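As a plain string of letters, each chain reads:
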Amino acid sequence: MDKLPPLGRGIESVLLPTFAAYEDLLRANEADIRSARRETHTYGPHPRHVLDAYFPDEKKSPKATVLVFLHGGGFYAGSRVNEDVAGGLIFGNLGRFFTAKYGATVLIPDYRLISHGAKYPSGGEDIAWVIDWVKTSLAQQEGYESVDLVLMGNSAGGIHVATFLLDSAFEAAREGVLAQDATVRLRGVVFLGAPFHWGGYADEAIKTYMGENTITENSPKSKLQAAIERGVELPKVKMLALISELDPPLILETTEEVKELWKDADIDIKVLEGHNHISPQVSLGTGVEREEAWGVMVGEFLKSCASE
């Protein structure tokens, strides 16, 4: 972590140096990371609709906490296993951390990128497909008769989570997991380094995915404003927004704007000391307490979302 501040705040500029800073720490714990039981499943109709399910070593309760993690990548990159870093230990490190320490079942899906024709709101659609898989496949297994579902989205993955949570296109899908008697019930949402709009900035990937003329209209903040103006009842779930100390400033600014706008929401904002935009997701599995402290925050959040 001490190597990170000199790298700056630019996402592209910190990417490879941050991976390099954590690679040896992850490789030192490779045996433990790879010891997690992992299954790979298809969850939807597109070839990209594949997820890895990481299971806890021992399940002690008839209720299950299921954490779905949506990776980042700016709408054009990323996958459920990053083969280019630490011999493919990312994101198995994240799956192992939350299964081993908190008994959660962790789902890490691939979702459609721009190269697969992704355009807004395909990220929300892919989340809906994952949730359908939880209902029709995972929830049919012993020990998953009742599921407390938590969605965690990193960067672009956080945009997709916000799309599912706020866009009117997913109203019926949300109702299905927010009902009090739902077998699979959405209990919480975690945003990790996720902007809620882009200000005046828009690169080609943002223009392509969000629509060149609808970037503002399709942003999570605008979808929230539209729902408030229509008088729509907003989802009542616990939310945890994690922003790294070395993230681009816009991420914290837009998160605070959304919290101010969504006045009755249960949104807790935490700043991750010493981390940058890339480091949280590669720091789990290092065994270093300071590095993994954010994972403990999420673990405690998972506990707070669990039904009795």
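Just above, that's the structure.
This text gives an overview of the structure that appears in the document. Keep in mind that this is a model prediction, so the values were computed, not measured. (Residues numbered from 1 in each chain as written. Predicted model: local features only at pLDDT ≥ 70, side-chain atom pairs only at ≥ 80, totals over all residues. Heavy atoms only, no water.)

Let us now look at the pairing of strand 6 (residues 184-192). Along a regular strand, successive side chains alternate from one face of the sheet to the other. Among the nine residues in strand 6, eight count as buried, and that is most of the element. Pairing of strand 5 (residues 146-154) with strand 6, which is carried by eight bridges, proceeds in the parallel orientation. The partner of Leu149 across the bridge, within strand 6, is Leu186. Examined bridge by bridge, strand 6 and strand 7 (residues 238-244) share five bridges and lie parallel to one another. Within strand 7, the position partnered with Phe191 by the bridge is Ala241. (Buried < 20%, exposed > 50% of the residue type's maximum accessible area, 1.4 Å probe, protein only. Helix = DSSP H or I, 4+ residues; strand = E, 2+ residues; numbered from the N terminus. Pairing = 2+ DSSP bridges.)

Here the focus is empty space enclosed by the protein. All told, the structure shown has three cavities of 30 Å³ or more when counted by the stated rule. Roughly 60 Å³ of internal volume is contained in the largest cavity. Only helix 5 (156-166), strand 7 and helix 9 (249-261) provide two or more residues apiece to the lining of the largest cavity. With three residues, the top contributor of residues to the lining of the largest cavity is helix 5. In terms of lining residues, the second largest cavity is bounded by Leu165, Leu166, Ser168, Glu171, Arg174, Ala227, Arg230, Val232, Glu233, Leu234 and Pro235. Looking at the lining of the second largest cavity, the elements that each hand over two or more residues are helix 5, helix 6 (171-178) and helix 8 (220-230). Considered class by class, the residues forming the lining of the second largest cavity number six nonpolar, one polar and four charged. (1 Å grid on protein atoms, 1.4 Å probe; cavity = no way out; pocket = protein on both sides within 12 Å on 5 of 7 lines; lining within 4 Å. Points joined across faces, edges and corners; volume = space filled by probe spheres on them. Nonpolar A, V, L, I, M, F, W, Y, C, P; charged D, E, K, R; others polar.)

Another point: the nonpolar core. Nonpolar side chains tend toward joint burial in soluble globular proteins. Core analysis: the largest hydrophobic core is formed by 54 residues, its most contacted members being Leu107, Leu165, Phe191 and Trp262. Secondary structure elements with two or more residues in this core: strand 2 (50-55), strand 3 (63-70), helix 4 (122-136), strand 5, helix 5, strand 6, helix 7 (204-210) and helix 8. When residues in this core are grouped by element, the largest group, seven residues, is from helix 5. Setting aside anything within four residues of it in sequence, one finds Trp262 in contact with Leu165, Leu166, Leu224, Leu234, Pro235, Met239 and Ile267. Counting 37 residues, the second-largest nonpolar core is a separate cluster that includes Leu67, Val85, Leu284 and Leu302. (Core = buried A, V, L, I, M, F, W, Y, C linked by side-chain atoms within 4.5 Å. Contact = heavy atoms within 4.5 Å.)

Once that is clear, we can look at the side chain of His277. Of note, His277 is situated in the loop between strand 8 (266-272) and helix 10 (279-283). Overall, the relative accessible area of 5% leaves His277 in the buried class. At 2.9 Å, the side chain of His277 and the side chain of Ser155 are in polar contact. One polar contact links His277 to Asp247, side chain to side chain, over a distance of 2.6 Å. (Polar contact = N/O pair within 3.5 Å; in protein donor to acceptor, adjacent residues only side chain to side chain.)

This model, assessed by the stated rule, comprises 19 salt bridges. The closest approach of N and O atoms between Asp148 and Arg187, which form a salt bridge, is 3.1 Å. Separated by 39 residues along the polypeptide, Asp148 in strand 5 and Arg187 in strand 6 bring together distant segments of the chain. A relative accessible area of 3% places Asp148 in the buried class. By relative accessible area, which is 23% here, Arg187 ends up partly exposed. For Lys303, the salt bridge goes to Glu300, with nearest N and O atoms at 3.4 Å. A residue pair is termed a helical-turn pair when its members lie 3 or 4 positions apart in one helix, as Lys303 and Glu300 do in helix 11 (residues 289-305) at three residues. Glu300 sits in the partly exposed class, given a relative accessible area of 40%. (Salt bridge = Lys/Arg side-chain N within 4 Å of Asp/Glu carboxyl O.)

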